[in-house]
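Tertiary structure, described
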Amino acid sequence: MYNVLLYYQFVPIADPEVFAAEHRLLCESLGLRGRILVATEGLNGTVSGSVAACDAYRAAMHADSRFASMVFKIDEVVEHTFKKMFVRVKQELVTFRADLPSNPIDATGARLTPTEWKERMERGDAIIIDGRTDYEFDIGHFRGAIRPDVESFREFPDWIRQNLGDKKDAPILTYCTGGIRCEKLTSFMIHEGFTNVFQLDGGIVSYGKDPDTQGALWDGKCYVFDERIAVDINHTPDKRIVGTCLHCASPTETYLNCANLLCNRQHLVCTECETQFQQCCSVACMDVASTQNG
Ligand SMILES: [Zn+2]
Ligand SMILES: [Zn+2]
């Protein structure tokens, strides 16, 4: 049995380079694999490892006063979900725009528990913003959420100004995979003058594990950044598939990277089209791909 851990903590880290070097040694000694980002503003990670290794890692982190209260979301899996271990130093934990005011340690949107979030959704008076990117939205999202027209997180500030600039006092609910992007997003929104902003505490992953909500009102699957690609969230009978095949628009939940190595575009594809298009996103890519493997 293996675990996948997902976690973050906004806390000042004085020397990220030194911290990252020591942290890499800790992870490697435990046989963990995954991706950990370190910045002066904190730490953000997702790793897989044996249950014993993940337990030891959590204990080591909680023994450090900076991470004593760090929340770990824990999934059970049958094997590693990453190939290698990366610990990287970055300017920001999630790439937003360093020049914009957004400091989660100062002010962020009010946190809603899964139960509070579901009740707030059911009231039907709030604008629900998906705090992720378009391809994550396409395989699954909260019912009624707005699909932000962004390909990367750093496009959010402009998108918010253009699309929500006249909604500064409206109730706004934001959510993302594990919660960290909403910390940045809602912090930015509060600096922009939004007065009624809420974030789903612990993100979609925690919502899917909550025994009371059981992931209700989530449609499709939740995109994750490891080899699983997407995981189940809604464990109620009211489940819907929202992903559609790029080629024929029939329902599907299979993401595939285009077989043209120069393209590699991740796209949703149904079983029939996967065969017909030879795992490519277009006829043009099929032509290119056929010359690559000879
Ligand atoms: Zn199809
Ligand atoms: Zn392609």
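Every value quoted in this text rests on a predicted model; they were computed, and no experiment measured them. (Residues numbered from 1 in each chain as written. Chains lettered and ligands numbered in written order. Predicted model: local features only at pLDDT ≥ 70, side-chain atom pairs only at ≥ 80, totals over all residues.)

1. Topic: the overall build of the protein
Where we set the bar: Secondary structure is summarised from DSSP: a helix means a run of H or I of at least four residues, a strand means a run of E of at least two, and numbering begins at the N terminus for each. Between the two quantities, the radius of gyration covers C-alpha atoms and the globule rule is 2.2 Å times the number of residues to the power 0.38. This entry defines residue contacts through backbone-placed C-beta atoms, with two residues in contact when those atoms are within 7 Å.
For the protein, the count of helices and strands is nine helices and 15 strands. For the protein, the C-alpha radius of gyration of 20 Å lies close to 19 Å, the compact-globule estimate for 294 residues. When its C-alpha atoms are laid out on the principal axes, the protein stretches across 55 × 50 × 40 Å. By sequence separation, contacts in the protein at least 24 residues apart represent 62% of the contacts at least 6 residues apart.

2. Examining the sheet that holds strand β1 (residues 2-10)
Strand pairing in a sheet takes place through backbone hydrogen bonds and is either antiparallel or parallel in direction. Using the following cut-off: Any two strands are treated as partners once DSSP identifies two or more bridges connecting them. Every angle, taken between N-to-C directions, lies between 0 and 180 degrees, and every axis is a line fitted to C-alpha atoms, over only the stretch in contact when it is a helix.
Ordered in space as β4-β1-β3-β2-β5, the five strands form an open sheet in which the pairing is mixed. The open sheet has two edge strands, β4 (73-77) and β5 (85-89), and neither has a second partner. Ignoring which end each strand starts from, the neighbouring axes of this sheet average 10 degrees apart. Against the sheet, helix α1 (residues 16-30) engages β2 (33-39), β3 (42-50) and β5, with an angle of about 170 degrees to β5.

3. Some remarks on the pairing of β2
Selection rule: Every C-beta atom is placed from the backbone, and the number of other C-beta atoms within 10 Å of a residue's own sets its class: buried at 20 or more, exposed at 12 or fewer, partly exposed in between.
Of all the seven residues making up β2, six are buried; the element is thus mostly covered by neighbouring parts of the structure. Two elements, β2 and β3, share seven bridges in a ladder whose sense is antiparallel. Paired with R33 across the two strands is S48, which belongs to β3. Once β2 ends, the chain turns through two residues before running back antiparallel as β3.

4. A short note on the domain arrangement of the protein
Filter applied, for reference: Domain segmentation is taken from an automatic or database assignment of domains. As a working rule, the residues Ala, Val, Leu, Ile, Met, Phe, Trp, Tyr, Cys and Pro are called nonpolar, Asp, Glu, Lys and Arg charged, and the rest polar, with Gly in that last group.
The domain architecture assigned to the protein consists of domain 1 (2-89), domain 2 (110-231) and domain 3 (255-292). Distance from the C-alpha centre of domain 1 to the C-alpha centre of domain 2: 24 Å. Listed by partner, the interface residues are 10 residues for domain 1 and 10 residues for domain 2. Of all the elements in the fold, those that place two or more residues in the side of domain 1 that touches domain 2 are β1 and β3. In terms of residues, the side of domain 1 that touches domain 2 owes the most to one element, β1, which gives four residues. Split by residue class, the side of domain 1 that touches domain 2 holds six nonpolar, three polar and one charged.

5. Looking at the environment of H62
Mapped onto the elements, H62 comes out in helix α2 (residues 51-62). For H62, a count of 13 C-beta atoms within 10 Å translates into the label partly exposed. A sequence separation of 14 residues divides H62 from E76, and the C-alpha atoms of the two residues are 21 Å apart. Leaving out residues up to four positions away in the same chain, H62 has contacts with F67, A68 and M70.

6. Section: helix α6 (residues 180-191)
Rules: Between the first and last residue of a helix there are one fewer steps than residues, each counted as 1.5 Å, and that sum is the expected span.
Across its 12 residues, α6 extends 17 Å between first and last C-alpha, which sits within 8% of the 16 Å expected from 1.5 Å per residue. Inspection of α6 places I180, R181, C182, E183, K184, L185, T186, S187, F188 and M189 among the buried residues, and these make up the whole buried set. Check the buried side of α6 and you find it contacts β1, β3, α5 (156-164), β9 (172-175) and β10 (197-200). Positive backbone phi, at 105 degrees, marks G193, one or two positions downstream of α6.

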